[in-house]
Amino acid sequence: MQFYPSHRFIVVFILLSLFYSNIVTAQNFLLKGVVTDDETKESLAFVNIVYNEKNNATQTNIDGVFVIPSHAKISFLKFSYVGYESVIIKLPDVKWGKSLAVKMKKSILNLNEVTVFPGENPAHRIIKKVIENKDKNNPEKMASFSYTSYNKMFFTFNLDDLKKNDTSLSIVDSMKQATDSIKVKLDTIKKTHADSAYIRAKKFLDTQHLFLMESVSDRKFIHPDKNHEKVIASRISGLKNPSFAMLATQLQSFSFYKELIMISDKMYLNPISEGSTKKYFFLIEDTTYTEQGDTVFVISYRPFKGKNFNGLKGVLNINSNTYALQTVKAEPYDADPSIAVKIQQKYEYIDNKQWFPVQLNTDMTFNNIVGSVGKNTLKMLGVGKSYLRNITLNPELNKKEFSNVEVVMGDDAMKPTDEFWNKYRVDSLTEKDKNTYRKIDSIGKKENLDMKLKLMVSFARGYIPWGILNLDYNQFLKYNEYEGFRFGLGVMTNEKITKWVSAGGFFAISTKDKAMKYGGKFDFNISEKLEMKMKFGWSFDVYESDGCTFFEDKSLTTTDMFRDFFVSKMDSVEKKEVSFSCRALQYIRLNLSLSQNRKIITDNFRYGVSDTRIDILNAYN
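To start, this report covers the structure provided alongside it. (Residues numbered from 1 in each chain as written. Predicted model: local features only at pLDDT ≥ 70, side-chain atom pairs only at ≥ 80, totals over all residues. Heavy atoms only, no water.)

1. Topic: the packing of helix 7 (residues 197–207) against helix 9 (residues 431–447)
For the pair helix 7 and helix 9, the least separation of the axes is 7 Å and the interaxial angle reads 95°. Taken together, helix 7 and helix 9 sit at an angle that is classed as roughly perpendicular. Residue-level contacts link Leu205, Asp206 and Thr207 of helix 7 to Glu431, Lys432, Asn435 and Lys439 of helix 9. Taken together, the residues of the contact of helix 7 with helix 9 break down into one nonpolar, two polar and four charged. (Axes fitted to C-alpha atoms, helices over the stretch in contact; angles between N-to-C directions. Helix = DSSP H or I, 4+ residues; strand = E, 2+ residues; numbered from the N terminus. Parallel < 35°, antiparallel > 145°, perpendicular 65-115°, else oblique. Contact = heavy atoms within 4.5 Å. Nonpolar A, V, L, I, M, F, W, Y, C, P; charged D, E, K, R; others polar.)

Here is the structure:
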């Protein structure tokens, strides 16, 4: 085939274009990967990744995933993490087009060592800047905001506990040096170990979680403390009842700027609170830079020795752009014997105006909830993750949407489609997640877990549901010195008829005073939003002489029940009563009642005035 000059030019141009295209593709490839602990295989959140000589850096997210944008000039990859050995990957070693898997090994740290600085600790200048800018960077100091969050939480057992305690492998290794005469026994031991409880437990936990739940919610906020969060989707393995839908979001404070930080159900002094430099030791561990020219300070912290407060330890990544928190790692400094909790938070600069949390993570180890595998025990683990999106700063919100009920369940929250979930899930469900739903759902249906949970909740509220009625178990059996044993029955209609009105009554008879007691009442739920209720009742019963009563009904969970055992003086009372209750202010509940009582003294007590010789006997109106 004969080429003309123009043809040669076209061929050379095409070859050069293809060559140049390959070079550009290699240089501008969107580099992705995941960083994990080399021993536990757990993902590592907020690992610093420096990728060129200018110390430009990025971080892994809560799931240990990192993405380096295509426009970044990558010379190498340096992974650094407090408590771990640094990892350096040269550019020729990067396999372009494949997700990069990076494993980091823990380093030995002596936490008792304290660096002594000749003057002021250089970390203090940065921490003080953070404290000065707290109100500016705290999202809950804004006039308003709204966002949508996807929440996921699962529970499992920690297989690493078996690795620490399982010595059978080392025994087998030592037997390898034995004589050939026991080789058969060695093979038998190996086979026995292969079929051990550890292998079966690992197979089970590798294929499914013990429990899994997801939810999607819309939250709105108006300064200073008006909250409204609506759960628009919820899925819980084994259950259709959405009682635990918001558990993942209730385990830590929404942001890390309050003076006291809530972790689980306990409050801790914030390391960026006023005067914290006198209570916490801070150390600059690393310094990196963003492509926007901002400096990121990596600062570890822990309480000084001899502290007298609930303190935290962890790592803060502080961005020099308004000296805001970029990432947070925190856990209690003093170990809790029952549960160990670690939290992580990640913030982003939204619309170049406000730092705002975008990822929240909670890791829990339950020291007092264990599973048995052979002679070893496994601790239960819980992992909760929340991803915030559709963040809107200072939207115009209607205050009428807010009430004292901060979290509500949407009517269709338990009926979302697969398309809905795929829209909000950060990642699609793994095979392990799908297996969990499939297996636990089948167990929940077979064991009727929803009904059992409903019974537990009802029992805690003081009644047992039975068709359209709620049975008041407090009326079944009572005892006090005046009445002796009291047997009775109390019923009220429930929401299966209507949730706005309930009617019922009680009947009882006692062994010692041989008297019957009875009564009836109507309850009207006027407004759930305002917690507004009205009650009408009539009863003939006995009450402690000169005793006191409470607005709320007693239940088996109140300690006041035990006092009733020793009551020996009571009056017969015919009572007519009307009461009204509502939420007057956000933190005040208003209770009003009007009653007419007709008391009959039962112990022949009399009193009188000697001058007038007037006696009042057996009657009081």
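2. Some thoughts on the environment of Lys258
Inspection of the secondary structure assignment puts Lys258 in the loop between strand 10 (226–236) and strand 11 (260–263). For Lys258, a relative accessible area of 39% puts it in the partly exposed group. As a C-alpha pair, Lys258 and Leu269 span 11 residues in sequence and 9.0 Å in three-dimensional space. Residue contacts for Lys258: discarding those within four places in its chain leaves Glu140 and Asn270. (Buried < 20%, exposed > 50% of the residue type's maximum accessible area, 1.4 Å probe, protein only.)

3. Some remarks on the sheet that holds strand 6 (residues 87–90)
The sheet built from four strands is open, its strands ordered 3-2-5-6 with antiparallel pairing. This sheet does not close on itself; its edge strands, each paired only once, are strand 3 (57–59) and strand 6. When the angles between neighbouring strand axes are averaged without regard to direction, this sheet yields 20°. As defined by bridge partners, strand 2 (residues 48–50) adjoins strand 3 across three bridges and the pair is classed as antiparallel. Its bridge partner being in strand 3, Val50 is matched across the sheet by Ala57. (Pairing = 2+ DSSP bridges.)

4. Observations concerning the pairing of strand 18 (residues 354–373)
Two strands pair when backbone bridges link them, and strand 17 (residues 339–350) and strand 18 are joined in this way by 12 bridges, in the antiparallel orientation. If you follow Ala340 over to strand 18, its bridge partner there is Thr365. Hairpin connection of strand 17 to strand 18: three residues between the antiparallel strands, including Asp351 at a positive phi of 55°. The hairpin formed by strand 18 and strand 19 (residues 376–393) contains two residues between the paired strands, and Gly374 there has a positive phi angle of roughly 65°.

5. Brief notes about the sheet that holds strand 4 (residues 65–68)
Spatially, 4-1-7 is the arrangement adopted by the three strands of the open sheet, whose pairing is mixed. Of all strands in the sheet, those with a lone pairing partner are strand 4 and strand 7 (100–104), marking the two edges. Averaged over all pairs of adjacent strands, the angle between their axes in this sheet comes to 30°, without regard to strand direction. Two strands pair when backbone bridges link them, and strand 1 (residues 31–37) and strand 7 are joined in this way by five bridges, in the parallel orientation. By the bridge assignment for strand 7, Val34 is matched with Ala101.

6. Side note on helix 2 (residues 122–132)
Among the residues making up helix 2, those that are buried are Ala123, His124, Ile126, Ile127, Val130 and Ile131. Buried residues in helix 2, looked at end-on, bunch into an arc of 165°, giving them a common side. The secondary structure elements touched by the buried residues of helix 2 are helix 3 (134–137), strand 13 (280–289), strand 14 (295–303), strand 15 (312–319) and strand 16 (324–332). By the N-cap criterion, in which a side-chain oxygen at the helix start approaches the backbone nitrogen of a residue two or three places on, helix 2 is capped by Asn121, the distance to Ala123 being 2.9 Å. (Arc of directions from axis to C-beta. Polar contact = N/O pair within 3.5 Å; in protein donor to acceptor, adjacent residues only side chain to side chain.)

7. Looking at the side chain of Asp294
Residue position: Asp294 is located in the loop between strand 13 and strand 14. Lys136 is the oppositely charged side chain nearest to the buried, salt-bridge-free Asp294, at an N-O distance of 12 Å. In this structure Asp294 touches Thr288, Tyr289, Asn319, Ser320 and Asn321, once residues within four positions along its chain are discounted. (Lys, Arg positive; Asp, Glu negative; His and termini not counted. Salt bridge = Lys/Arg side-chain N within 4 Å of Asp/Glu carboxyl O.)

8. Section: unusual backbone geometry
Going from His223 to Pro224, the amide bond is cis rather than trans, its omega being 10°. Secondary-structure assignment places Pro224 in the loop between strand 9 (211–222) and strand 10. Look at Phe46: it is not a glycine, yet its phi comes out positive at around 65°. Position of Phe46 among the secondary structure elements: in the loop between strand 1 and strand 2. Despite not being glycine, Asn55 shows a phi value in the positive range, around 60°. The topology assignment puts Asn55 in the loop between strand 2 and strand 3. On the basis of relative accessibility, which here comes to 28%, the residue Asn55 falls in the partly exposed class.

9. Considering the pairing of strand 21 (residues 463–466)
Here four bridges tie strand 21 to strand 22 (residues 469–472), and the two strands are oriented antiparallel to one another. Each residue of the ladder has a partner; that of Tyr463, found in strand 22, is Asp472. In textbook terms, the turn of a hairpin is the stretch between consecutive antiparallel strands, and for strand 21 and strand 22 this stretch comprises two residues, one of which, Gly467, has a positive phi near 65°.

10. A closer look at helix 10 (residues 449–461)
Here helix 10 spans 18 Å end to end across 13 residues, near enough to the 18 Å set by a 1.5 Å rise per residue. The positive-phi residue at the C-terminal boundary of helix 10 is Gly462, with phi of around 105°. (Expected span 1.5 Å × (residues − 1).)

11. Brief notes about the packing of aromatic side chains
Aromatic ring pairs are described here by two measures, namely the spacing of the ring centres and the angle between the planes. Counted by the stated rule, this structure contains 25 aromatic pairs. For the pair Phe145 and Phe254, a centre-to-centre distance of 5.7 Å together with 20° between the ring planes defines the contact as stacked. With Phe145 in strand 8 (residues 144–157) and Phe254 in the loop between strand 10 and strand 11, this residue pair connects regions lying 109 residues apart in the sequence. The class for Phe145 is buried, based on a relative accessible area of 0%. Accessibility expressed as a relative area gives 12% for Phe254, which makes it buried. Note on Tyr280 and Phe309: the rings are 5.6 Å apart at their centroids and 55° apart in plane angle, and the pair reads as tilted. Within this pair, whereas Tyr280 is found in strand 13, its partner Phe309 is found in the loop between strand 14 and strand 15, the two being separated by 29 residues in sequence. Each member of the pair Tyr280 and Phe309 is classed as buried. Ring pairing ties together the aromatic residues Phe145, Tyr147, Phe221, Phe254 and Phe356, which thus form one cluster. Geometry around Tyr437 places Arg235 over its ring, the cationic atom sitting 3.7 Å from the centre. (Phe/Tyr/Trp six-rings, centres within 6.5 Å; stacked < 30°, edge-to-face > 60°. Lys NZ or Arg CZ within 6 Å of the ring centre and 35° of its normal.)

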